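Tertiary structure, described
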Amino acid sequence: MPFLIFYMIIISQRIVELFIARHNENWMKKKGAIEFGSNHYRYIVLMHILFFISFFFEKIFLNRALSPLWPLILFLFIIIQLVRVWAISSLGRYWNTKIIVLANAKVIKRGPYRYIKHPNYFVVSIEFIVIPILFSAYITAIIFTIVNVIVLSIRIPEEERALQKLTEYDSVFQHCSRFLPILLNKCDK
């Protein structure tokens, strides 16, 4: 029962995020924003769908138990969700699951973006480990961590090229780490 509740919560969360993304996409495109990376977007969607299917089947059919470290892992999951909400709310209407860039828009560097260029990808990467490990679904954690690294090696450069092309992204984020948070020195320089 705890598994099904947890599973439904994260599925519901993703559905809400897709509605937010669609709303933001419509707003941005009305303002003249351009979409980039649409060729690989379908693979990102497929990866997330397969992640949830794999997680479900590994837990149910391989009878995976709740991790003995579940309180710690659940705490980490909650912290990561707070960072997710922080990242989404920091970008506001500019947040999306797609690469959609509005020419000459002010580059946002508040919230977690003061510490890292791509906090949302950081969150997803941690989730691909934490979510399955919470229920001892180690196969899913390993496979989708590897697949996510491959996908992000395409996605992040594509997103950065789009932002460099249409905004002041390079000058705003020149002192920031691409993926690992800078905890002691903010990338405010």
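Just so it is clear, the structure is predicted and the values come from calculations on it, not from any experiment. (Residues numbered from 1 in each chain as written. Predicted model: local features only at pLDDT ≥ 70, side-chain atom pairs only at ≥ 80, totals over all residues. Heavy atoms only, no water.)

**Comments concerning the layout of surface pockets**
In plain terms, the rule: Buriedness of a pocket was judged along seven lines, with at least five required to meet protein on both sides within 12 Å; pockets are open sets of points on a 1 Å grid over the protein atoms alone, cavities are sets where a 1.4 Å probe fits but cannot get out, and lining residues have an atom within 4 Å of a point. Grid points are joined across faces, edges and corners, and a volume is the space filled by probe spheres set on the points. Runs of H or I in DSSP of at least four residues are treated as helices and runs of E of at least two as strands, each being numbered from the N terminus. Residue classes follow a fixed rule: Ala, Val, Leu, Ile, Met, Phe, Trp, Tyr, Cys and Pro count as nonpolar, while Asp, Glu, Lys and Arg count as charged, and any other residue, Gly among them, counts as polar.
Computed from the structure, the largest pocket encloses a volume of approximately 1,000 Å³. Secondary-structure elements contributing two or more residues to the lining of the largest pocket are α1 (2–30), α2 (38–61), α3 (70–91), β2 (99–101), α4 (119–134) and α5 (138–166). Take the lining of the largest pocket: its biggest share by element is seven residues, from α2. Tallied by class, the residues present in the lining of the largest pocket amount to 29 nonpolar, seven polar and eight charged.

**Points about the environment of Pro2**
By the secondary structure assignment, Pro2 is in helix α1. Through-space distance from the C-alpha of Pro2 to that of Phe135 is 10.0 Å; in sequence the pair is 133 residues apart.

**A closer look at the nonpolar core**
The following threshold applies: As used in this record, nonpolar core signifies buried Ala, Val, Leu, Ile, Met, Phe, Trp, Tyr and Cys residues forming a set joined through side-chain atoms within 4.5 Å. The cut-offs for exposure are 20% and 50% of the maximum accessible area for each residue type, with area from a 1.4 Å probe on protein chains only; residues under the lower value are buried, those over the upper are exposed, and the others partly exposed. Contacts between residues were defined by any pair of non-hydrogen atoms, one from each residue, lying within 4.5 Å.
Membership of the largest hydrophobic core comes to 20 residues, with the highest contact counts inside it found for Phe6, Ile10, Phe55 and Ile131. Contributing elements (two or more residues each) for this core: α1, α2, α3, α4 and α5. Leaving out residues up to four positions away in the same chain, Ile131 has contacts with Phe6, Ile10, Arg14, Phe51, Phe55 and Phe77. Of all hydrophobic cores here, the second largest spans 17 residues; its members include Phe36, Ala87, Leu91 and Ile99.

**A closer look at α5**
Going by this rule: The span one expects for a helix is its residue count, reduced by one, times 1.5 Å. To get the bend at a residue, fit one axis to the 7 residues ending there and another to the 7 starting there, then take the angle between the axes.
Along its 29 residues, α5 runs 41 Å from first to last C-alpha, staying within 8% of the 42 Å computed at 1.5 Å per residue. Leu152 marks where α5 bends most, by close to 30 degrees.

**Focus: the environment of Asn24**
Tracing the backbone through its elements, the reader meets Asn24 in helix α1. A sequence separation of 90 residues divides Asn24 from Arg114, and the C-alpha atoms of the two residues are 22 Å apart. Residues contacting Asn24, with those up to four places away along its chain left out, are Gly92, Arg93, Trp95 and Asn96.

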